[in-house]
Amino acid sequence: MRPDKDRTPESQHARITGRAGGDSLIEMSPTVSFNDDVNGYHQHVSSSPGSLEPEQSPSPLTPDVCVETCDSLNTSLASLAQSEHSDSPQHESDTLERIEALTGQWRKRALFLKFRSRIDKQQHSKDSVFFHGERKQERRKMYEANLVNVGLELETEDKSESDDGKTYFVKIHAPWEVLATYADVLKIKVPFKVNDISDNGDMPMNWLSTPFRLPEHIMHPEPDYFTAPFDKSKSDFFLIDDKATFFPPSVRNRIVYYILSRCSYFKDECGDKDKKGIKRLLNNCTYTAAFPLHDCRYWTKAKDANCESERYHLHKHWARFLCFYKEQPLNLIRKYYGEKIGIYFAWLGFYTEMLLFAAIVGTLCFVYGFLTFDDNQWSKEICSAEIGGNIVMCPLCDKKCGYWKLNSTCNSSWQSHLFDNVGTVFFAIFMAIWVTLFLEFWKRRQARLEYEWDLVDFEEEQQQLQLRPEYETKCTNRKLNRITQEMELVLNRTPTDSMGKLLLCWATVTLWEMEPYLPITSKCARTCLSGATVLLWISLIIACIIGVIAYRLAVYAAFASIMKDNPTTNLQVVGPYITPQLATSVTASCINFVIIMILNLMYERVAVWITDMEIPKTHLEYENKLTVKMFLFQFVNYYSSCFYVAFFKGKFVGYPGNYAYMFGSTLRNEECDPGGCLIELTTQLVIVMTGKQVWGNIQEALVPWMMNWWGSRKARNHPESLYSRWEQDHDLQGFGQLGLFYEYLEMVIQFGFITLFVASFPLAPLLALINNIIEVRVDAWKLTTQFRRPVAAKAHSIGAWEEILNGMAVLSVVTNAFIVAFTSDMIPRLVYMYAYQPEGELNMKGYISNSLSSFNISVIPDVNRPDIGENPSWFNTSIDTCRYRDYRYPSGHEKQYNHTMQFWHILAAKLAFIIIMEHVAFLVKFFVAWMIPDVPSDVRARVKRERYLVQEYLHNYEVEKLKIQLSQNVHEECNCSPMIYPCLPKHEVLSECL
């Protein structure tokens with residue numbers, strides 16, 4: 001079947017499903033070409049909400065169906081649908097004759113529907129088609145009536161045709177008149193001239209990238225055009241070859257959802273204005289879902305040659321893991337899913353490409369640490385039986401910890417050298433430059449996409465034209481527009497515009513409207529409550545972190561008591577590596593990770609609730625507010641434990657006889673290993689980062705797949721012809737309004753791990769690279785196979801995430817400088833080698849003994865002294881001193897236990913290093929940012945060329961139009977004055993929104 005020539009069915013719009021009393025469901029959905037092999041049939045058609053009644057006959061409206069033999073089937077099933085409501089023998093005979101005339105799958109389908117119809121008639125009365133919930137039924141009637149009044153065309157699939165026999169499907173069609181009107185109002189850019197600027201961007205040796213390319217028709221599904229905002233009154237100015245395909249699918253479903261989100265569902269058009277929009281109907285369960293339909297199955301092409309089967313191409317060339325080395329078909333993604341999803345995958349792909357360089361350098365730094373393993377003098381001294389074996393260390397905890405020898409930390413010392421070496425400093429500076437290059441080159445890439453996807457100057461449109469329906473309905477106050485300083489006057493109504501006023505409370509003859517606003521007192525109160533809620537949850541995180549710290553302090557003593565005789569040394573391979581410090585760090589990190597995941601699940605709902613409470617004005621403002629709230633929480637949640645290990649652990653310990661305790665309790669503050677706290681920070685970072693990525697991928701891929709498998713378990717047993725396109729999509733998971741938000745959040749948190757703490761773990765970029773290669777394909781796979789098609793949305797950038805990334809880039813310079821200075825032992829070693837080496841040589845001999853202070857065992861207070869039986873067997877009374885990690889004068893000195901001059905020299909060197917490193921890094925960052933322009937020169941030239949052509953072509957168009965009018969001797973006054981730039985006529989349709 002084909003649509004009427006003067007009617008363009010909306011092939012992409014939303015399905016709404018709803019439960020109303022008993023087991024009855026209604027589902028509203030658009031026709032998405034319905035080109036799905038043999039299930040694109042059409043039975044009940046209606047142009048009004050009365051189509052829910054079985055007595056009504058179908059209207060001539062038909063959806064797009066990509067089935068060759070569907071015409072004959074449509075006639076048969078339509079007649080059958082009318083006759084099945086009668087129980088007369090004549091009707092029964094006629095029905096059986098029609099069924100017998102069918103063959104194959106069509107006969108099975110007709111028998112299936114006939115059998116189900118008999119069951120329904122036995123269980124329900126004729127009027128049971130209506131819903132038991134009268135209020136929901138009334139809402140649906142009025143809502144669908146208003147949709148029809150505004151120009152949309154509805155088509156209802158009876159519940160007898162659904163797989164469960166309970167669900168109604170209402171498919172929405174948008175004819176050309178509606179699409180053109182709202183494309184004009186929304187200022188959607190459409191082509192008016194083929195791009196005549198030659199592309200000279202071919203790079204030398206471009207053939208090397210051939211294995212990574214996709215076919216040309218996949219990468220560039222549409223020609224390159226110059227575009228201008230659509231003007232309905234000048235439709236002949238644009239390149240309209242076919243009205244049915246002029247607006248791409250993403251634009252069509254965006255327009256229809258724009259109408260759905262603003263359509264009212266009350267009788268009195270100017271009554272309760274709060275009763276408006278599909279979102280409220282979904283919340284009150286009038287409908288259960290609203291979404292566009294996919295154009296075909298993802299594993300096979302549609303049989304109709306006119307159907308582009310974009311979903312199939314996306315799955316074949318993009319969503320399969322074997323395509324991980326291929327470029328992404330960004331233009332096809334944008335065409336099918338819209339600019340907002342397209343810009344996310346463009347950013348994710350670019351971020352993954354840039355990670356390759358950071359991963360290579362980080363791996364080289366790790367290899368350098370491995371190759372210089374034998375040159376690690378301080379580790380040799382720790383492991384030496386003559387040096388480390390003769391150094392007795394003071395107990396690390398009270399009562400339960402005994403004295404221990406330094407060489408027991410031999411393995412951790414060697415491990416620490418892999419990450420704590422000269423290459424760490426180089427890599428920290430490199431990452432400061434890398435993150436600047438990443439952000440600057442992304443700005444250039446983003447500017448190119450803005451031009452190619454007609455997103456230039458989009459931010460103003462976003463602010464003015466995409467007011468949230470919730471803002472319009474909840475803000476009852478009105479004020480004068482500050483920009484225009486006048487109230488809006490609507491002129492030149494067309495029949496469609498007149499019907500459109502019913503959509504937005506324009507039944508009265510009022511022509512002057514003022515914009516809604518939220519009073520400043522209400523806004524301040526809501527903001528304060530929101531801020532207090534965020535602070536409360538951040539305080540909860542800090543409390544949990546303090547609890548984990550208390551766990552570390554309490555459990556360390558237990559581990560030390562259990563492992564004092566080293567029972568783990570009997571274990572093969574891993575035994576020597578298991579120490580009380582490692583056991584405490586690993587278990588605490590795992591507990592912290594579990595707490596992070598639990599708090600995330602709890603806070604997500606709270607963040608959405610308080611953002612809704614603030615009533616943001618636009619969709620962009622809503623996303624930015626939610627982004628800030630979620631990121632602040634996630635920042636503290638994920639990074640607080642790493643900040644503790646990096647900058648607090650081992651820094652406020654005290655010394656034997658005068659130890660520092662946690663908040664005055666009996667829990668003594670933790671100490672670092674003689675090899676430093678860097679290896680513990682590495683452990684914490686690996687567990688949290690890797691655990692989050694693995695868990696995230698499992699949650700993203702496995703959970704939707706299992707839910708879809710369970711939800712469609714019954715339908716899989718039916719023949720393929722009985723499982724319609726809209727039912728298949730309904731069984732998929734909903735992508736949700738915040739689906740993309742969580743994808744960005746996941747990547748930005750990962751970005752923080754590889755920038756804020758990269759000095760402690762140079763392999764972090766490599767792990768992130770491997771994860772992102774999988775992430776791109778997992779996101780593509782779940783979007784094309786496991787989720788309903790999301791409503792297309794426009795976005796000219798990654799939004800508030802870009803500013804967050806810039807802030808983290810600046811913060812990363814500071815954190816890495818402090819990690820190298822205070823967490824690593826790099827500065828103390830350099831100070832010793834150049835200033836305190838006793839032989840005056842530039843080596844590290846004697847460093848371990850120099851970095852440890854002495855304390856007289858006899859003066860250790862009883863509260864710190866080990867219990868009887870806690871000391872190892874080799875300890876005896878002849879040992880009178882123990883060593884601890886600090887720079888203090890020994891017992892008997894006139895300044896005993898005070899810091900030595902070497903301590904202050906090291907502290908000064910650390911502060912000097914931080915200042916120098918920060919200034920050098922920031923200087924390089926700003927210089928690189930200044931050197932690289934945000935917008936490529938060729939893109940700037942194309943934008944200027946397009947603006948010039950818009951003015952020139954529109955001027956010529958108006959002049960020619962005026963000449964024609966004059967030549968026809970039109971005596972009435974011409975209201976079409978020549979315009980330099982298209983000035984969109986004001987429509988009553990959206991005046992309430994604006």
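Cut-offs applied
- Per chain, residues are indexed from 1 in the order of the written sequence.
- Two thresholds apply to this predicted model, a pLDDT of at least 70 for residue-level local features and 80 or more for giving and counting side-chain atom pairs, whereas whole-chain, interface and lining totals are computed over all residues.
- Water and hydrogen atoms were dropped before computing side-chain values, which therefore reflect all heavy atoms in the structure.
- Strands are runs of DSSP state E lasting at least 2 residues, helices are runs of H or I lasting at least 4, and numbering of each runs from the N terminus.
- Think of it in three bands: residues with accessible area under 20% of the maximum for their type are buried, residues over 50% are exposed, and the middle band is partly exposed, with areas taken using a 1.4 Å probe on protein chains only.
- Methods summary: accessible areas were calculated by the Shrake-Rupley approach with a probe of 1.4 Å, and residue burial reflects only the protein chains presented.
- A pair of cysteine sulfur atoms is labelled a disulfide when the two atoms are within 2.5 Å.
- Think of a salt bridge as a Lys or Arg side-chain nitrogen and an Asp or Glu carboxyl oxygen that are within 4 Å of each other.
- UniProt positions are given in the numbering used here, feature names are shortened, and annotations may be inferred rather than shown by experiment.
- Here an axis means a line fitted to C-alpha atoms, over the contact stretch when the element is a helix, while the angle between two N-to-C directions is reported on a 0 to 180 degree scale.
- Any angle from 65 to 115 degrees is called roughly perpendicular, while one under 35 is roughly parallel, one over 145 is roughly antiparallel, and all others are oblique.
- Working rule for handedness: look at the near helix, and if it is turned counterclockwise from the far one by less than a right angle, call the crossing left-handed; if clockwise, right-handed.
- Here, residues are in contact when the closest pair of their heavy atoms is within 4.5 Å.
- Pairing between two strands is assigned when DSSP locates at least 2 bridges connecting them.
- Only buried Ala, Val, Leu, Ile, Met, Phe, Trp, Tyr and Cys residues count toward a nonpolar core, and they belong to the same one when joined by side-chain atoms within 4.5 Å.
- Ring geometry is summarised as follows: Phe, Tyr and Trp rings, the Trp one being its six-membered ring, pair when their centres sit within 6.5 Å, and such pairs are stacked at plane angles under 30 degrees, edge-to-face over 60 and tilted between the two.
- Only lysine NZ and arginine CZ atoms are considered, and such an atom sits over a ring when it is within 6 Å of the ring centre and within 35 degrees of the ring normal.
- Two N or O atoms form a polar contact when they lie within 3.5 Å of each other; inside protein one atom must be a possible hydrogen donor and the other a possible acceptor, and for residues adjacent in sequence the pair counts only when both atoms belong to side chains.
- Here a patch means residues that are over 30% exposed by relative accessible area and free of salt bridges, tied together within 9 Å if like-charged and within 5 Å if nonpolar (Val, Leu, Ile, Met, Phe, Trp, Tyr).
- Expected helix span is taken as 1.5 Å per residue step, with the number of steps being one fewer than the number of residues.
- Bend, in this description, refers to the angle at a residue between axes fitted to the seven residues ending there and the seven starting there.
- The predictor attaches a confidence to each residue, and that confidence, scored 0 to 100, is pLDDT.

Across its full length, the protein chain carries 31 helices and 14 strands. Buried positions account for 54% of the 994 residues belonging to the protein chain. Of the roughly 44000 Å² of accessible surface on the protein chain, 60% is carried by carbon and sulfur atoms.

Our next topic: the state of the cysteines. Disulfide: a covalent bond formed between the sulfur atoms of two cysteine residues. This structure, assessed with the given rule, holds 3 disulfides. Here C383 connects covalently by a disulfide to C410, the sulfurs 1.8 Å from one another. Measuring the twist about the S-S bond at about 100°, one finds the C383-C410 disulfide to be right-handed. Residue C383 is found in helix α13 (residues 377–383), and its partner C410 is found in helix α14 (residues 410–419); the two are separated by 27 residues along the sequence. A disulfide bridge connects C394 with C882, and the sulfur atoms are separated by 1.9 Å. Taking the sign of the S-S torsion, 85° for the link of C394 and C882, the bridge is right-handed.

All right, on to the pattern of salt bridges then. One side chain can pair with another of opposite charge once the charged atoms of both are near each other. One pass over the full model with this rule turns up 22 salt bridges. For the salt bridge of E308 with K335, the shortest nitrogen-to-oxygen distance reads 2.6 Å. Placement of the pair is E308 in the loop between α9 (278–283) and α10 (310–319) and K335 in helix α11 (residues 330–337), with a sequence separation of 27 residues. The buried category is assigned to K335, whose relative accessible area is 8%.

Bringing the UniProt feature "transmembrane region" (unreviewed entry) in the protein chain into the picture now. Taking the numbering used here, the UniProt-annotated feature "transmembrane region" (unreviewed entry) corresponds to residues 344–371, 422–442, 534–562, 582–603, 751–774 and 911–932. Secondary structure over residues 344–371 splits into 100% helix and 0% strand, and the C-alpha atoms at its two ends are 40 Å apart. Taken end to end, residues 582–603 is 100% helix and 0% strand, and its first and last C-alpha atoms sit 31 Å apart.

The contact between helix α24 (residues 739–756) and helix α26 (residues 800–823) brings their axes to 8 Å, and the two run at 20°. For the element pair α24 / α26, the angle class is roughly parallel. Viewed along their axes, α24 and α26 form a crossing whose handedness is right-handed. Contacts from F741, Y744, L745, V748, F751, G752, T755 and L756 of α24 reach α26 at W801, I804, L805, M808, L811, S812, T815, N816 and I819.

This part takes up the pairing of strand β6 (residues 225–229). Extensive coverage of β6 is indicated by the burial of 4 of its 5 residues. Bridging between strand β5 (residues 189–194) and β6 involves 5 bridges; their strand directions are antiparallel. Paired with V194 across the two strands is Y225, which belongs to β6.

Okay, the nonpolar core next. Counting residues in hydrophobic clusters, the biggest one holds 138 residues, and the most contacted among them are W318, W347, Y351, W434, Y639, F753 and W801. Apart from residues lying up to four places away in sequence, F753 is in contact with Y638, Y639, C642, L685, V688, M689, K692 and V758. Within the second largest apolar cluster, 45 residues are counted, among which are F230, Y258, L260 and L281.

A separate point is the packing of aromatic side chains. If you walk through the whole model with that rule in mind, you get 58 aromatic pairs. With centroids separated by 5.7 Å and ring planes inclined at 85°, the aromatic side chains of F735 and F787 adopt a geometry described as edge-to-face. One end of the pair, F735, is in the loop between α23 (725–730) and α24; the other, F787, is in the loop between α25 (764–786) and α26, and 52 residues separate them in sequence. A cation over an aromatic ring shows up here: R668 above the ring of Y659, its NZ or CZ 3.5 Å from the ring centre. Over the ring of Y336 we find R789; its NZ or CZ atom is 3.7 Å from the centre of that ring.

Between helix α22 (residues 678–711) and α24, the least distance of the axes is 11 Å, while the angle of their chain directions is 160°. The orientation of α22 relative to α24 falls into the category roughly antiparallel. The hand of the α22/α24 crossing is left-handed. Together, L685, V688, M689, K692, Q693, G696 and E700 of α22 and E743, E746, I749, Q750, F753 and I754 of α24 make up the contact between the two elements.

On to the environment of K625. By secondary structure assignment, the location of K625 is in helix α21 (residues 619–647). Sequence-wise, K625 and V608 are 17 residues apart; in three dimensions their C-alpha atoms are separated by 9.7 Å. Setting aside chain neighbours within four positions, we find K625 in contact with T611, E614 and P616. Polar contacts involving the side chain of K625 include one to the side chain of E614, which spans 3.2 Å.

Attention now goes to the environment of Y265. Structurally, Y265 can be placed in the loop between α8 (249–260) and α9. Y265 sits in the buried class, given a relative accessible area of 6%. When the C-alpha atoms of Y265 and E144 are compared, they prove to be 8.0 Å apart, with 121 residues separating the residues in sequence. Other than its neighbours up to four places away in sequence, Y265 contacts R139, M142, Y143, N146, K275, K276, G277, R280, L281 and N284. Of the polar contacts made by the side chain of Y265, one reaches the side chain of R280; its length is 3.4 Å.

So, on to the environment of R789. Tracing the chain through its elements places R789 in the loop between α25 and α26. R789 gets classed as buried once you look at its relative accessible area, which sits at 1%. Residues R789 and H294, 495 residues apart in the sequence, show an inter-C-alpha distance of 5.9 Å. At 2.9 Å, the side chain of R789 forms a polar contact with the backbone oxygen of Y336.

It is worth spelling out a nonpolar patch on the surface at this point. Judged by side-chain polarity, V694, I698, L702, W705, M706, W709 and W710 come together as a nonpolar surface patch covering roughly 720 Å² of accessible area. Checked against the element boundaries, I698 lands in helix α22.

The next thing to look at is the side chain of T784. By secondary structure assignment, the location of T784 is in helix α25. By relative accessible area, which is 0% here, T784 ends up buried. Not counting residues up to four positions away in its chain, the partners in contact with T784 are H294, Y298, R311, L314, H315, W318, A319 and Y337.

The terminal C-alpha atoms of α24, which comprises 18 residues, lie 26 Å apart, in line with the 26 Å expected from a rise of 1.5 Å per residue. α24 sits mainly inside the fold: 17 of its 18 residues count as buried.

The end-to-end C-alpha distance of helix α20 (residues 580–614), which contains 35 residues, comes to 49 Å, matching closely the 51 Å that a straight helix rising 1.5 Å per residue would cover. Where α20 bends most, at Y603, the angle is about 30°. Just downstream of α20 lies I615, where phi reads positive at about 55°.

On average, residues of the protein chain carry a pLDDT of 74, and 73% of them reach 70 or more. Residue range residues 990–994 is modelled with pLDDT below 50. Its contacts to residues more than four positions away, or to other chains, number 25 contacts.

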